[in-house]
Structure formats: C-alpha cells, structure tokens
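Survey of secondary and tertiary structure
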Amino acid sequence: MKHWLLLFALLVPLLAACGGAPTAPTTAPAASTGDTDAPATDDMDGVDRSQLADQLFLYIWSDYIDPQILEDFEAEYGVRVTVDLFDSNESMIPRIRAGNSGYDIVVPSDYAVQSMVLDGLLAPLDKSLLTNIGNLDPELMNLYFDPSNEHSIPYFWGTSGLAYNQKFFDTPPTSWSTIFEPAELEKISNRFTMLEDPREVPGAALIYKGHSVNTTDTAVLAEVQELLIAQKPFVASYDSSNVNFKLATEEVVLAHAWSGMAGQAMSGIDDKPGNPDVKFLIPDEGGIIWMDNLAVVFDSPNKYTAHVFMNYLLRPEVAAQNTDWVLYLTPNAPARELLSEDTLALYEAGLEPDETTMMRLQWIERNAQTDELFSDLWTRVTAQ
Ligand code: SPD
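Small disclaimer: the values here were computed from a predicted structure and weren't measured. (Residues numbered from 1 in each chain as written. Predicted model: local features only at pLDDT ≥ 70, side-chain atom pairs only at ≥ 80, totals over all residues. Heavy atoms only, no water.)

1. Remarks on the pairing of strand 1 (residues 55-61)
Most of strand 1 sits inside the fold, with seven of its seven residues counted as buried. Judged from the seven bridges that link them, strand 1 and strand 2 (residues 80-86) form a sheet pairing that is parallel. Note that in strand 2 the partner of W61 across the bridge is F86. A crossover connection joins strand 1 to the parallel strand 2 through helix 2 (residues 67-77); in handedness this β-α-β unit is right-handed. Across two bridges, strand 1 lies against strand 3 (residues 105-106) in parallel orientation. Along strand 3, the bridge assignment pairs Y59 with V106. (Buried < 20%, exposed > 50% of the residue type's maximum accessible area, 1.4 Å probe, protein only. Helix = DSSP H or I, 4+ residues; strand = E, 2+ residues; numbered from the N terminus. Pairing = 2+ DSSP bridges. Right-handed = clockwise from strand over helix to strand, strands pointing away.)

Have a look at this one:
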C-alpha cells in the first residue's frame, strides 16, 4: 500500500467543499453472551472456548465473504455463522438503530461508521482479542471516519466507477456523460443499471458536475436532483446486489458499479461464469473511494465470539482466500503477498487505482446536514 492512500484519506475530507428491505436473521439469535456447554480447551490460539457462543450473526453486503471461510471457521471453533444481507448503509442502519436486531457483526462503510459511532450503534472494540490486528496495513488504519479504530477495522476497500462490456462500445466510455447526457443515454437506454444508493448515485452526478460529493449547497443538490430525474427513464434498474451477474450475462451493457462487483462480473463467482469482455474504469471527472469495515453491533449478544471471528478474518491466509473470492482490495498487508495471480491481474486491469487515478477520487463523509439532505434528495428521485 502506498503512502498516498493515507494522504488522501486525511486530506480530501479537509479539502472537500464543504432499497431493498434487509431480511431478518434467518435463525433466531441466541440470547446469551456465550455458551458454556463447550469444553474450555486451549488450542494455543488464546481463544477461550468456554466463552464461545454456538452461533454468530453477520450482517453484510451481498457477495462479500467466501462461504468456505464460514465453514472453516465453524469446523475450527464450532460456531455457526449466519449471514444476512443488506444493500446500502442507509437500509442497514435503521435495522441496527431499532435495537435487538440479533446481529453481532456489521460491515458499515466509512461515513456510516461516523454516523453509527455518533449514535452509539457500535460497541468499542477489545483490541486485546484482535491479536492479528497488526496484519492490517498501518496506512489504512486511523482514517478520518474512526481516527483510532476504536469501533471498526478495515475489511475491504475499493472504488466506484463504470463497468461496461467492451463488445457494445466502439470506444470505451471515459466520462460520466455516458450515463448523464441525453444523447449518450439514448444509446444505452434500459441497458444499464445505477447503484441503489442514496450517497453513491448523487455522488456520481456531483462528480460529473465538478462538485464535492459532500456538498451541502442546496442549489447544487437541486441541480443534481434534476439530472438524476432526467436520467431515470433510461435506467434499467437501481441495483447494488446483482450487477455482477447482470453484467456477466449481458443483461446490461454498462453499470454504475463498485470495483469488486465488476471483478466478479469479469471472472465469475461460485458456479456462475464470468465475462472477460467486462471492463472497469474511473471516469475522467473522478470517482469515489471507500472503505468497508468490520464492527461489533452495540447490543450484540455474542461480543466475545464476534471478536474471535474478526480475528480469524485477519489471519493472512484467511484474508487472502477471502480476497481471491470477493475481489475487492484487501487491507491485510501479508495477505496481499498471498493473492492469486488471477486476482493480481484484475487489480492491474483497473480494480486497484493507480497513483494518477487516486488523485481523482473522493471519500464520502457525513456531517450534521448530509444525512437529511441526501436522504431527501434520494426520496425525491426515487419517488418520481
Ligand atoms: N457486494 C459488496 C459491495 C460492498 C460495497 N460497499 C461499498 C460501499 C461504498 N459506499
């Protein structure tokens, strides 16, 4: 990892001008903080088996963890991890805020960590239980949204840009104009998707128009709202969860997409084949950089077990296996050395921003006004 990533994480916020319904836990969570049935064996890994619950509930984005890792964890510790999915920070947070969600671990993005810490929705981490935390790249720690990593640790990072199928374009798209200018929209009408995301979609439009993704200027936001309402008749769907498959099967020819989902479209996932004609780029005007993070829910019934699972994910070989499946960018420094050639080739092909591209990326932040302003904007766009 290069020093410029940290530099941008710190500087860009300072320089900035300023869904789908989640499902309930599929199994009723255990109410206890730890099962005492398990024998207290010491496998020299520091884990007190007597404190482990027999179930853990993970609330996470789609296609964001290798299922084999859950099986391996269960085989080693006897803890079954149940996974439920959300498709935006904004659909996830109300579930947690309501309390008694039953979830133990959640995976908020940068600005959502800011919101959740402010609202007391994340438990402080017990770093004494995260013995593998030193594997995380120091340049990706202590970022603006959780300055001392008291409530979260990096899980994956990536970018938001355009994924497209090269077979359907005489020349590759280079600008957000491809999805915002009427003359260009006509060519891909109903054959492209936008993310279903109240910050990412206005963010793309703001970047196209040369603004900060964190602007609170109501005139600018009104301009962007009109752009998105004008775009809407051409959009096949707002989708944050199935874009990888829609691109791979050529149901759509272009998508506003996160980098890893483009990678999954290129190389396939599980038994679903990939499509080598899919490419990913950050438009000339720029894109968004983000970090998703592991955090313990404030009322998690199984906080000790949650830490054990997080520490397991921090093992280099586990993190590398997960990255080879997920195809986002790992913050785990030793895992990086273990990645497959295929994953590194995808990074090289655009999933990992180079230094020049980094200069064109913006982080999303929250402040006292952004939650309401972007929520209202998104409501007005989607209600049209
Ligand atoms: N399929 C997993 C997608 C995770 C993307 N999270 C990025 C959020 C950026 N705002």
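2. Considerations on unusual backbone geometry
Despite not being glycine, N142 shows a phi value in the positive range, around 60°. Structurally, N142 is set in the loop between helix 4 (110-118) and strand 4 (153-165). The backbone phi angle of E250 is positive, close to 65°, even though this residue is not glycine. Positionally, E250 belongs in the loop between helix 9 (243-248) and strand 7 (254-258).

3. Some details on the side chain of S101
Relative to the elements of secondary structure, S101 occurs in the loop between helix 3 (89-97) and strand 3. Here the side chain of S101 touches Y103 through a polar contact of 3.1 Å, landing on its backbone nitrogen. (Polar contact = N/O pair within 3.5 Å; in protein donor to acceptor, adjacent residues only side chain to side chain.)

4. Let's talk about helix 4
For helix 4, the buried fraction is high: seven of the nine residues fall into the buried class. Turning to helix 4, the residues buried within the fold contact helix 3, strand 3, strand 9 (287-296), strand 10 (361-363) and helix 16 (370-383). Where helix 4 terminates, the next one or two residues include G120, which has phi positive at roughly 70°. (Contact = heavy atoms within 4.5 Å.)

5. Here's the deal with the packing of aromatic side chains
The description of an aromatic ring pair rests on the distance of the ring centres and on the angle between the ring planes. Taken as a whole and assessed by the stated rule, the structure comprises 19 aromatic pairs. Ring centres of Y59 and Y103 lie 4.0 Å apart, and the angle between their planes is 5°; on these two criteria the pair is classed as stacked. One end of the pair, Y59, is in strand 1; the other, Y103, is in the loop between helix 3 and strand 3, with 44 residues separating them in the sequence. Here Y144 and F145 contribute two aromatic rings whose centre-to-centre distance is 5.3 Å and whose plane-to-plane angle is 90°, an arrangement assigned as edge-to-face. An aromatic cluster is defined as three or more aromatic residues linked by ring pairs; in this entry it consists of Y59, W61, F86, Y103 and W258. For R199, the ring lying beneath its charged end belongs to F374, and the centroid distance is 4.1 Å. The ring of F245 has K272 lying over it, and the distance from NZ or CZ to the ring centre is 4.5 Å. (Phe/Tyr/Trp six-rings, centres within 6.5 Å; stacked < 30°, edge-to-face > 60°. Lys NZ or Arg CZ within 6 Å of the ring centre and 35° of its normal.)

6. Some points on the confidence of the model for the protein chain
Within the protein chain, residue pLDDT values average 91, and 89% of them lie at 70 or more. Mean pLDDT across the elements of the protein chain bottoms out in helix 1 (residues 3-15) (46) and peaks in strand 3 (99). Confidence drops under pLDDT 50 across residues 9-40; counting only partners more than four residues distant or on other chains, this segment forms 70 contacts. (pLDDT = per-residue confidence, 0-100.)

7. Details of the side chain of D292
Residue position: D292 is located in strand 9. We note that D292 is buried and unpaired, the nearest opposite charge coming from R199 at a distance of 13 Å. Among the polar contacts made by the side chain of D292, one reaches the side chain of S109 at a distance of 2.6 Å. Apart from residues lying up to four places away in sequence, D292 is in contact with W61, Y64, V107, P108, S109, P154, Y155 and F156. (Lys, Arg positive; Asp, Glu negative; His and termini not counted. Salt bridge = Lys/Arg side-chain N within 4 Å of Asp/Glu carboxyl O.)

8. A few points about the pattern of salt bridges
This structure, assessed with the given rule, holds eight salt bridges. Here D45 ties to R49 by a salt bridge, and the two come within 2.7 Å at their closest N and O atoms. Across the pair R336 and E352 runs a salt bridge whose closest N-O atoms are separated by 2.7 Å. Highlighted residues: R336 in helix 13 (residues 333-336) and E352 in the loop between helix 14 (341-351) and helix 15 (355-358), separated in sequence by 16 residues. Using a relative accessible area of 24% as the deciding quantity, one classes E352 as partly exposed.

9. Observations regarding the site of the ligand
In the vicinity of the ligand, the contacting residues are W61, S62, Y64, S109, E200, W258, W290, D292 and Y328. Contacts to the ligand include E200, whose side-chain N or O atom sits 2.8 Å from a nitrogen atom. One nitrogen or oxygen atom from the side chain of D292 is found 2.7 Å from a nitrogen atom belonging to the ligand. Computed on the free molecule, the ligand has an accessible area of 330 Å², of which 99% lies beneath the protein chains in the complex. Its residues assigned to classes, the shell around the ligand shows five nonpolar, two polar and two charged. (Near = heavy atom within 4 Å. Areas by Shrake-Rupley, 256 points an atom, 1.4 Å probe, with all protein chains shown as cover. Nonpolar A, V, L, I, M, F, W, Y, C, P; charged D, E, K, R; others polar.)

10. Looking at the nonpolar core
Ranked by internal contacts, the top residues of the largest apolar core, which has 126 residues, are Y64, V106, F180 and F309. Three or more residues apiece are contributed to this core by two domains, here domain 1 (18-157 + 292-339) and domain 2 (158-288 + 358-382). F180 has contacts with L185, M194, A204, A205, Y208, L227, L228 and Q231, leaving out every residue within four places of it along the chain. (Core = buried A, V, L, I, M, F, W, Y, C linked by side-chain atoms within 4.5 Å. Domains from an automatic or database assignment.)

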